[in-house]
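Architecture at a glance
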Amino acid sequence: MIKTDAFNAVLLALTVGAAALGGGVSSGRGTPNIGRAPELTSSVKAEKLKNGTFALRDATGTLIPLKHYTRIASGTLIADRVLADLCEPDRIVAFTKYGAESSHDAHRFKGKAALAGRAPIESVLALRPDLLIVNNLVDPGYVARLREQHIPVFDLGHMRGLDTLIPNIQAIGLLIGAPERANAYAATLRRRMRGITQEAQPKQARPSAMYLAIYADHLYGGAGRTSYHDVLEYAGFVDAAARAGLEGWPELTSERVLALDPDVLLTKHGMGAVLCRHAGLSSLRPCTGEGRLVELPGVMLDDPGPIMLDAAEALHDAYWQGKAK
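Here goes a summary of the coordinates provided. Computed from a prediction, not measured in an experiment: that's the story for all the values here.

Our next topic: the pattern of salt bridges. Any two side chains of opposite charge can pair if their charged atoms end up close together. In this structure the tally under the stated criterion is eleven salt bridges. Here aspartate 58 makes a salt bridge to arginine 147, at a shortest N to O gap of 3.5 Å. You can see aspartate 58 sitting in the loop between strand S2 (54-57) and strand S3 (63-65) and its partner arginine 147 sitting in helix H5 (residues 140-148), a full 89 residues away along the chain. Salt bridges sharing common partners tie together Arg81, Asp85 and Arg108.

Quick look at the packing of helix H6 (residues 162-175) against helix H7 (residues 179-199) now. Packing of H6 against H7 brings their axes to within 7 Å, and their N-to-C directions diverge by 160°. Compared by their axis directions, H6 and H7 come out roughly antiparallel. When the axes of H6 and H7 are compared, the crossing they make is right-handed. Two secondary-structure elements touch here, H6 through Leu162, Asp163, Leu165, Ile166, Ile169, Gln170, Gly173 and Leu174 and H7 through Pro179, Ala182, Asn183, Tyr185, Ala186, Leu189, Arg190 and Met193. For the contact of H6 with H7, a count of residues per class yields eleven nonpolar, three polar and two charged.

Attention now moves to the sheet that holds strand S1 (residues 47-48). Taken together, the three strands give an open sheet; going across it, the order is S1-S2-S3, and neighbouring strands pair in antiparallel fashion. Two strands lie at the open edges of the sheet, namely S1 and S3, each paired on one side alone. Across three bridges, S2 lies against S3 in antiparallel orientation. Residue alanine 55 lies in a different strand from S3, and its bridge partner there is proline 65.

About the criteria used
- Residues numbered from 1 in each chain as written.
- Predicted model: local features only at pLDDT ≥ 70, side-chain atom pairs only at ≥ 80, totals over all residues.
- Heavy atoms only, no water.
- Salt bridge = Lys/Arg side-chain N within 4 Å of Asp/Glu carboxyl O.
- Helix = DSSP H or I, 4+ residues; strand = E, 2+ residues; numbered from the N terminus.
- Axes fitted to C-alpha atoms, helices over the stretch in contact; angles between N-to-C directions.
- Parallel < 35°, antiparallel > 145°, perpendicular 65-115°, else oblique.
- Left-handed = near helix turned anticlockwise from the far one by under 90°.
- Contact = heavy atoms within 4.5 Å.
- Nonpolar A, V, L, I, M, F, W, Y, C, P; charged D, E, K, R; others polar.
- Pairing = 2+ DSSP bridges.

This is how it looks when you write it as structure tokens:
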């Protein structure tokens, strides 16, 4: 079966059973499956086959035919947003249930089927998709069963921030037959992300910051090679966790967080006070008022897709505009 919401599949499993690993169609960020190809190559190109047709290789190395797909289903938050932005609506048959209910762009997914996090094979087949786009949280056995039913399944690989999002966008552009549109979209996204950085202070004057969340009294960070890291860095900060050599979504102790000593703490709406009440964190500078505590909507922070631009802009405005006053 396909695992659920990437990062939340680790975190929410501590508090609600619905986020347990091993479910149906995935909906976003996730813990890496080290037994599988980690991500798409940075250079996404169509390959010409011996019969003269073209195909695109996914993160697992599987070749997916390039043709005019007319019943496309999204099984990941990345594809939800990118398809909504780039593809003709009448060619899309489904978005993820998580995206349709919880995404910052949920209003854009109305009127389409919603694939649940633990969608049974039969639910997918009932949609009669001619292409399903997922990420690396998919169980290979689940994919194999769909392919036995002649449904092409394209695996985007790991969600590792902007460096993997750009190839993801390019791949989706090729799959929907709109590579130029996708390339322009990706270039605009990268340029606007860099533009936020240019509006912040010079790099040598950047404060340190880190993303932190708490679930069932467990602390989790978002470090190097994640969208959390990109949101921090492009908003004009130095990621304290990445600077210390951390990657991914590590579980942290309060002692480790204090040692990282960030100037700015980024978390979700309503979570700041809970973090500052956590044993050992009351003396953290953002909790004492010596630093800054910034809260943003969870649906914005937890989406590893193009909405990281909105998150970086919101963080930039919350901190840097406040400094200018």
